[in-house]
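Okay, here's what each chain looks like letter by letter:
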Amino acid sequence: MDIALYSDRLIVRSLQQQDWLNFLMMHQDIEVNKYIRELAEENAIRLTFEERLASWSLESGQWLTLVVETLDKQFVGLTGFYCQDCHSKRVEVGYLIAPNMQGYGYATESLQAVIDWGRLQFNIHKYVAVCERGNFASQKVLTKLGFNLEAEFLQHTYLNGKWVDDFQFGLL
């Protein structure tokens, strides 16, 4: 499925082979990943990239990874979702914004495009997002889009040598 979504300032499109260096950079950047995951070796990131390039369907159980660019093709980041429960039409959303592109509303704008597309294309009933307690910027993005805090999970994720609390947000 070839995807191209447009907003006022952005293009959100399917991941392609030429996106490897940006994908790698995003997955190796300490600041981008500090609330999300521990950094992986390049070969593990390459395997993830190859998996994300494969043909995707809602029922695949895989992440749909989309590239976010400005209209003049400057790389902004990655966004997408995966279906947690296809029968219930519930998907988890995620996004990574390059450090030099943070603070301009690109996460909000690109995620809104993905949410709108998911509703139209797949009749998604519910979007969820998991956010580490200290990730205030991400919490702001989610609340701007109408997500509500639904749950708090204490010492839920082991990240960078310590247990951290996670929030789960939901949008109907």
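Residues numbered from 1 in each chain as written. Predicted model: local features only at pLDDT ≥ 70, side-chain atom pairs only at ≥ 80, totals over all residues. Heavy atoms only, no water.

J.: Please provide a residue-by-residue account of the overall build of the protein, values included.
T.: The helix and strand inventory of the protein stands at 5 helices and 8 strands. Its helices and strands taken in sequence order, the protein reads β-β-α-α-α-β-β-β-α-β-α-β-β from the N to the C terminus. Rg of the C-alpha trace for the protein: 15 Å, near the compact-globule value of 16 Å for 172 residues, within the 12% margin. In terms of overall dimensions, the protein has a C-alpha envelope of 40 × 35 × 30 Å along the principal axes. Every one of the 172 residues in the protein was classed for burial, and the buried ones make up 47%. Within the protein, residue pairs in contact and separated by at least 24 positions form 59% of the contacts whose partners lie at least 6 positions apart. Accessible surface for the protein amounts to roughly 9,200 Å². Of this, 50% is attributable to carbon and sulfur atoms. (Helix = DSSP H or I, 4+ residues; strand = E, 2+ residues; numbered from the N terminus. Rg over C-alpha atoms; globule rule 2.2 N^0.38 Å. Buried < 20%, exposed > 50% of the residue type's maximum accessible area, 1.4 Å probe, protein only. Contact = heavy atoms within 4.5 Å. Areas by Shrake-Rupley, 256 points an atom, 1.4 Å probe, with all protein chains shown as cover.)

J.: Describe the packing of helix 4 (residues 106–122) against helix 5 (residues 136–144), and please don't skip the residues or the numbers.
T.: Running from N to C, helix 4 and helix 5 cross one another at 45°; their axes reach a closest spacing of 9 Å. The angle between helix 4 and helix 5 falls in the class oblique. Our pair here, helix 4 against helix 5, has a crossing hand that is right-handed. Listed contacts from helix 5 to Ala107, Thr108 and Leu111 of helix 4 are Val141, Leu142 and Lys144. Of the residues belonging to the contact of helix 4 with helix 5, the class tally is 4 nonpolar, 1 polar and 1 charged. (Axes fitted to C-alpha atoms, helices over the stretch in contact; angles between N-to-C directions. Parallel < 35°, antiparallel > 145°, perpendicular 65-115°, else oblique. Left-handed = near helix turned anticlockwise from the far one by under 90°. Nonpolar A, V, L, I, M, F, W, Y, C, P; charged D, E, K, R; others polar.)

J.: Kindly report on the side chain of Lys126, identifying the contributing residues and their values.
T.: Here Lys126 lies in strand 6 (residues 126–132). Within the local environment of Lys126, its side chain forms a polar contact with the side chain of Glu150, the two groups lying 2.9 Å apart. Apart from the residues within four sequence positions on either side, Lys126 is in contact with Lys89, Arg90, Val91, Glu150, Gly170, Leu171 and Leu172. (Polar contact = N/O pair within 3.5 Å; in protein donor to acceptor, adjacent residues only side chain to side chain.)

J.: Which residues make up the packing of aromatic side chains, and what are the values?
T.: In total, this model carries 10 aromatic pairs according to the counting rule given. Ring centres of Trp56 and Phe122 lie 5.7 Å apart, and the angle between their planes is 80°; this geometry places the pair in the edge-to-face category. Remark: Phe122 occurs in helix 4 and Trp56 occurs in the loop between helix 3 (42–53) and strand 3 (64–70); sequence separation between them is 66 residues. An aromatic cluster is built from Trp56, Phe81, Trp117 and Phe122, whose rings are joined through pairwise contacts. Above the plane of the ring of Trp20 lies Arg46, whose end atom (NZ or CZ) is 4.0 Å from the centre. (Phe/Tyr/Trp six-rings, centres within 6.5 Å; stacked < 30°, edge-to-face > 60°. Lys NZ or Arg CZ within 6 Å of the ring centre and 35° of its normal.)

J.: Break down unusual backbone geometry for me, with residues and values.
T.: With phi around 55°, Lys89 is a residue other than glycine that occupies positive phi space. Structurally, the position occupied by Lys89 is in the loop between strand 4 (75–85) and strand 5 (90–97). When its relative accessible area of 27% is taken as the criterion, Lys89 is described as partly exposed.

J.: Report on the pattern of salt bridges, specifying residues and quantitative values.
T.: On inspection of all chains with the given rule, the structure shows 8 salt bridges. Arg13 is the partner of Glu69 in a salt bridge, and the nearest nitrogen-oxygen pair spans 3.0 Å. Remark: Arg13 occurs in strand 2 (residues 10–14) and Glu69 occurs in strand 3; sequence separation between them is 56 residues. Relative accessible area serves as the criterion here: at 13%, Arg13 is assigned to the buried category. Across the salt bridge formed by Glu50 and Arg46, the nearest N and O atoms sit 3.1 Å from each other. Remark: Arg46 and Glu50 occur in helix 3; sequence separation between them is 4 residues, near one turn of the helix. A relative accessible area of 29% means that Arg46 is categorised as partly exposed. Beyond isolated ion pairs, a larger network of salt bridges with shared partners links Arg13, Asp19 and Glu69. (Salt bridge = Lys/Arg side-chain N within 4 Å of Asp/Glu carboxyl O.)

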